[in-house]
Amino acid sequence: MPLPVPRSFSVQWGSESVLVSNVDPGLPSPATDADLATVATAGRNNPAALLPEAAWQAIARATTSPDAVAVQLRPTAADPTGLLMVENVDGATLRSVVTRVHLSELLPGIQPRTGMEVMEIPDPQVQGVTDGGRPCASVRYRYQDLDHLRNHVWQTLHGTLSLNSYGPSILARKVTRNLITHPVEITFEDGTEPFHALVVRDGITRLASAWEVLAGPDAEAADVAQLAVDSLFGKTAAASGPGGEPLERRLAAGREKWRRRLREEFAREIAAPEPGPRAAQIAQTYVVPAQIAVGAEGHPGHLLAAEDIFDDAIRSVLASVHVEFKQWDTAAQNVEVATRALKRVIQLGESLVPRDDLQTIYGLAVGRIPVEELPRVFDEEPAPPGTALWRAVYLVHSLTRPELLEPLKDQAKAIKGGKRMGLKGFAELLGPLIDLPWRAYKKHVTKQARNAWNNGGVLTSDVIQEWEPRPTDDFTTLVGPAMAGDIDARCTLAVAGGVALIADKLLTRNVGSALMAAKEKGGVPFRADVNQVIEDLSQEHNEAGLWTLALAAERFRGDSLPENAVTMRQLVHKQRTGGAAGAAGVPYAHFKVDLLAADRIERDDDGVPVLLHQWDVVWVSNPERARKAHPPRPALLPPPRPASGDGAPGTAPDAEGAEGTRGTQPSGAPEAGAAGGPGPDLRPASRRAADYRQVLKANVTAARDALDQLLLLDPEVGGHTPVVPQSTLDVLLDQLVSLQADVENLRRKTARADDPAAEQDADEEAVEAGV
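Residues numbered from 1 in each chain as written. Predicted model: local features only at pLDDT ≥ 70, side-chain atom pairs only at ≥ 80, totals over all residues. Heavy atoms only, no water.

Participant: Describe the pairing of strand β6 (residues 125-131), listing the residues and the values that go with them.
Facilitator: Across 6 bridges, β6 lies against strand β7 (residues 134-143) in antiparallel orientation. Pairing of D131 across the sheet is with R134, part of β7. (Pairing = 2+ DSSP bridges. Helix = DSSP H or I, 4+ residues; strand = E, 2+ residues; numbered from the N terminus.)

Structure representation (C-alpha cells):
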C-alpha cells in the first residue's frame, strides 16, 4: 500500500510566518460499530487489562486505529499479556496501549499543577474503581452536575493557556509526544446519568495548545476554552434524545457530527492550489498521539487499598517527570510530595499507625472524604463537628504524630532528593493540604497563608508531641482547661486558632518590612516565626493568647474572608464579582481580646467591637518582648503657661502606653501625641523630621531589597507572565522619578545651607537660566 504524500507549506500565524510540515492529505474516517466491537473484545480477552465495558467503548471511539489497538491487546504465544507497554512504578505495574486519538475525545484530567491552585470551580471528587477486588485502570470523577463538568473543563483549559502555550510549535509539527491518558467514569451528584471518557493526566498544556491552534491565532484563551467545551459536550447535550437515548451516546454523536463538519471543511481547504491556514490548523490538531492505560497490577506485599493502586501508579508516573525534571509550582509539588510520602508509608507497612487509620488520613488529605463525613470517620465521643476547621485539626494531629512524623519526613526527603527536612520544611508540605476546603473562598490571601506555613505554620513544640484533639462546639470552653494545664485543650486551640489566623491573614510570615508597616496594614511589633508566635499564644499562663486563639477558631468561616483579612479594595472587588463573602451574607470579622469584658471582646467608647490586627496577635503572644521593642513614650510637657491664680504650675500628663491607652490630661492642657499616635504631635519639628528620615531610609532599603528579589526571581518566573506587569512598572517609575526629584531638591537645599559658595553658585545658575 503506497504511503500518502504529505504536504508542506507556510501559513501566517499572528505576526509570524510558520512553515507547516507533514500535512496529511486526508483525515481519518469515523469508526464503525465493528471497529468498536473489535477493540472491546480484544480488551476483555487480555488477562492483564481490566476495564468496564463502557471504558473499552470510550477507547474504541477515541482511537483512529482500532485494529492497531486490538493487535496490542491480543495475547501471543510469547507473551500472554499481549504487546502492551509496561511501566513499573512504586507498588504497581501499569500496562498501556499506544495509539493516535481524536482531539475531541479527550478531557483534561486532574493534575497537581491544576488541581492544587486556587480555582473558582472545585475539582470533582475522585474515587478508584475495582472489579472483583482487582484494581481497574480507571477512576471515577464525581461532579455536582453537567454545568460543573463544563465549567471545570473550561477553567482547566483557560488557566493552562494563561500560563503557557505551544501553539506555533504544534501548528508546525503537530503534537509529537504521547499524552498520558486513561478512561474515567464521569458521575454526577444531581442524578444525571454517568458516562465514560478519556482524560489526559500528563500533557494538558499540549492538549490546550492543540485547541488553541484549532481556534486560530486571534482567539483569546477564553474563546479557546469555550470552543473545546462546545465541541466536547455540545450546547444541547443535556436534553434527552429520541427514545431516551443515553447521554453517553448523545455526546458521542454530537462529537462525531462536529468532526464530520471539520472533515468537510478540511477537504475544501486542502484542495486549493495554495492551502490556507485553516487547512493546517485542522490537519495538525485533528488527532494527537496518546498512551492509554488499560491495566494496573499491585505488587505483592503492597498495602494500598485496591481502589488506590491505579491512581497512585499514574501519579507516580507524573511525579517522576514534574517533581524531578519539568517541575510544577511549589504548592503543587508540596501536595504531590506529601500525599505520595503518605502512600509510601502505607505501602511499606512499617508504621506503628494501623493501615485502616492511614487510609482514612490519606482520604482526608486528598479530599476523598468530605468534611461532612468527619463525625462518622472519627467515631468517638464526643464526635468532632463536620467543619473544615475541625478537618484541619484532625489532619494536622494525624500527620504530626511522633510515630508517623519521622517516617513521613524520611519518605518526603527521598521523593524530593534532599538530605534533611526540618519542621518548617514539613509544615510547608501541609499548607496546600490544609486549605483545600476554603482555598477558592479565601483566594485573595492564599499566597500569604502558604508563606506562613512555610514559616512553621502551627507546628509548635507541643503540637508534634503526644496529645489528642478535644472536640467541642464552642472553642472558648477549652480556655479554662488549657489554663489549668490540659495539653489536649492547649494543642487543640493552638492548631484550630492558628489555622484560622493563618487562613485569614492575621498571622503571616514575619518579614523585615512588616516592622515598618502600620498596624492597620499588617505591621508587627517584632519579628518571630509563625509557629513560635502560636506556641507563645498557646502557653497555659497566657490567658489573652489562649482567648485570641479560641475566639479566632470560634469565629472562623470557610466560605468567606473576614473584614480585617484584606484591604477594602479587595473586599469591594470581591463583592462586585459575586465572591464568597457576598454569597454567604455579611463578611465576618475577628476581634481584639479584652479579658475584663464578659464576652472577652474589646469595644471602643461607642460599644463597637475593635477589629483584630496582626500587630495585636503578635503583641499578645509575648507582651514583654513587645514592650521592649516599643517602650512607652513619656508625654511631652506642654509649653509654659501663665501662672494660675494660686501660682501653681499645670500638671504634666501621664505617660502614653505602648498599646495606645492615654493618661489623663489636666484641664486645659493641650493633648500631646507621639509620632503616629493619637492627637497632634507637639514635639519640635526637628524631632519629628528625625523619625520620618528613618522611615524614608528603611522604606528605600526595603524597596531595594524587593527589587533585588524580583530580579533574582525573573529567570525562574519565565516568559509566561512578567515578574512585574508593565502597568505596575510604569506607575513605579513615575513614583521613583518624583521621589528622586524631591530627594535631589532636598540635597541641593542642604548643600546650599552648609556651603555659602554653593548657594551663590546655585543663585548664579538660576540667573543664567532666567529663573
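Participant: So what's going on with a nonpolar patch on the surface? Which residues, and what values?
Facilitator: A contiguous nonpolar patch, built from L696, V700, L729, L732, L736, L739 and V743 and spanning about 550 Å² of accessible area, is present on the exposed surface. Counting only elements with at least two residues in the nonpolar patch, the list comes to α27 (685-717) and α28 (726-754). Per-element tally for the nonpolar patch: the top contributor is α28, with 5 residues. Within the fold, L729 resides in helix α28. (Patch = residues over 30% accessible without salt bridge, like charges linked within 9 Å, V, L, I, M, F, W, Y side chains within 5 Å. Areas by Shrake-Rupley, 256 points an atom, 1.4 Å probe, with all protein chains shown as cover. Salt bridge = Lys/Arg side-chain N within 4 Å of Asp/Glu carboxyl O.)

Participant: Got a sec to walk through a negative patch on the surface? Specific residues and values, please.
Facilitator: A contiguous patch of negative charge, built from D379, E380, E381, E466 and E468, is present on the exposed surface. For E466, the position within the fold is in the loop between α18 (446-454) and α19 (479-483). You can call E466 exposed: its relative accessible area is 52%. (Lys, Arg positive; Asp, Glu negative; His and termini not counted. Charge placed at Lys NZ, Arg CZ, Asp CG, Glu CD. Buried < 20%, exposed > 50% of the residue type's maximum accessible area, 1.4 Å probe, protein only.)

Participant: Can you tell me about unusual backbone geometry, naming the residues and giving the values?
Facilitator: The amide bond that connects E381 to the next residue, P382, takes the cis arrangement and shows omega of 0°. Tracing the backbone through its elements, the reader meets P382 in the loop between α14 (374-377) and α15 (388-399). With phi around 70°, K174 is a residue other than glycine that occupies positive phi space. Looking at the element boundaries, K174 is found in the loop between α6 (167-173) and β8 (179-188). By relative accessible area, K174 is classed as buried at 16%. Residue K505 is not a glycine yet carries a positive backbone phi of 60°. Here K505 shows up in the loop between α20 (487-503) and α21 (530-537). Of the residues examined, K505 reaches a relative accessible area of 26% and is grouped as partly exposed.

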